[in-house]
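Each chain, letter by letter, is given below.
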Amino acid sequence: MTAVIEDDDLFVEAWSKFNELVHSDEDAADLIFHSLLQENEIECGCSSPKILREPGARCFYCASCKREVWFTAGTLLSGVSRLRAWMAVIWFKEWGVTVSSLRISKLLDIAQSTALNINKKVAIALASQMDDSAMIIDPKTFSAAIFKRSRHTPADEHPLSELLENNSRATDSSDADEVESRQAKNKRVFSLADCQQQFGISMAIASAIAFIRKYFHGVSHKYLQLYVAAFWCHVDRATWKKGSVLMACLKHPPVSYIKLLNYESPELKMMLV
Ligand SMILES: [Zn+2]
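The text that follows walks through the structure, step by step, so that each part is easy to find. Fair warning: this is a prediction, and the values are worked out from it, not measured in the lab.

With that settled, consider unusual backbone geometry. One non-glycine residue, Asn 40, lies in the positive phi region at around 55°. Of note, Asn 40 is situated in the loop between α2 (25-38) and β1 (51-52). In this structure, Arg 82 takes a positive phi of about 60° despite not being glycine. The topology assignment puts Arg 82 in the loop between β3 (67-70) and α3 (83-95).

Right, here's the structure in full:
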């Protein structure tokens, strides 16, 4: 497992390259369009497209089938304002540079809440790319990283109490079979793992906790999955190479504010690198 490293030089390089390329929301739209072109993802639906597009536009026109296509429609970037800020968040992730919402808000001159929402939505797209090789982890192993409240944290109690609350809710549930099968699944995962793998898992969790504490100063249990996904992106440079985070966002459906507010991960998953 890659350790969390200092990356100030990388940050400076990534930010300066971004500023050379993307000065405006229109530049960001151009970057997205050209990335889609490179990936052969520009489609109008006809067999002999003749694509015409004004620089900076979020749509193109096909002179063959006379269709106008909004190329971010139906994606995570659908209709978003502050496209440059979105691209910056995506850009940093592709460079393997983790930047807090506070820093993003200052760099891009946006509200911190906006930066936080962009960060979380991009992380939802990252988490959606976890495949069957993801380990199911007991969220309690992350207790050292959980010291932020969420709307699920019981009043006047420590953020960690949310974990206990969740557990008791699960125990009280009438669907005991489901709980039992989940526990059996967890047991199976760990009993099949050999010592080396167990060590790898422990190291990965320790690195992820160090990552969360360093960059985000702790998280709430509710959004823990998103920060574990951000950690995966930070260390798995082969999977999350240049262009990959943007494509994951363009393949992910839009996430509304309400959906983000009600975000709930059924189980904590973690990709081992
Ligand atoms: Zn066409």
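Quick look at the coordination of the zinc ion now. Coordination of the zinc ion by the protein comes from Cys 44 (SG), Cys 46 (SG), Cys 62 (SG) and Cys 65 (SG), over a distance range of 2.2 to 2.3 Å. Of note is the zinc ion, whose 4 donor atoms meet at the metal with angles of 101 to 116° in an arrangement that counts as tetrahedral. Between the donor residues of the zinc ion, the gaps in sequence give the motif C-x1-C-x15-C-x2-C. Using a relative accessible area of 25% as the deciding quantity, one classes Cys 46 as partly exposed.

The subject of this paragraph is the packing of helix α5 (residues 112-127) against helix α9 (residues 224-235). Contact geometry for α5 and α9: axes closest at 8 Å, N-to-C directions at 75°. Classified by the angle their axes make, α5 and α9 are roughly perpendicular. Touching Leu 116, Lys 120, Ala 123, Ile 124, Leu 126 and Ala 127 of α5 are Gln 225, Leu 226, Tyr 227, Ala 229, Ala 230, Trp 232 and Cys 233, all from α9. Across the contact of α5 with α9, the residue classes tally to 11 nonpolar, 1 polar and 1 charged.

Conventions and cut-offs
- Residues numbered from 1 in each chain as written.
- Predicted model: local features only at pLDDT ≥ 70, side-chain atom pairs only at ≥ 80, totals over all residues.
- Heavy atoms only, no water.
- Helix = DSSP H or I, 4+ residues; strand = E, 2+ residues; numbered from the N terminus.
- Donors = N, O, S within 2.8 Å, 3.2 Å for Na, K, Ca; no water.
- Tetrahedral: all angles 85-135°; square planar, octahedral: opposite > 155°, others 65-115°.
- Buried < 20%, exposed > 50% of the residue type's maximum accessible area, 1.4 Å probe, protein only.
- Axes fitted to C-alpha atoms, helices over the stretch in contact; angles between N-to-C directions.
- Parallel < 35°, antiparallel > 145°, perpendicular 65-115°, else oblique.
- Contact = heavy atoms within 4.5 Å.
- Nonpolar A, V, L, I, M, F, W, Y, C, P; charged D, E, K, R; others polar.

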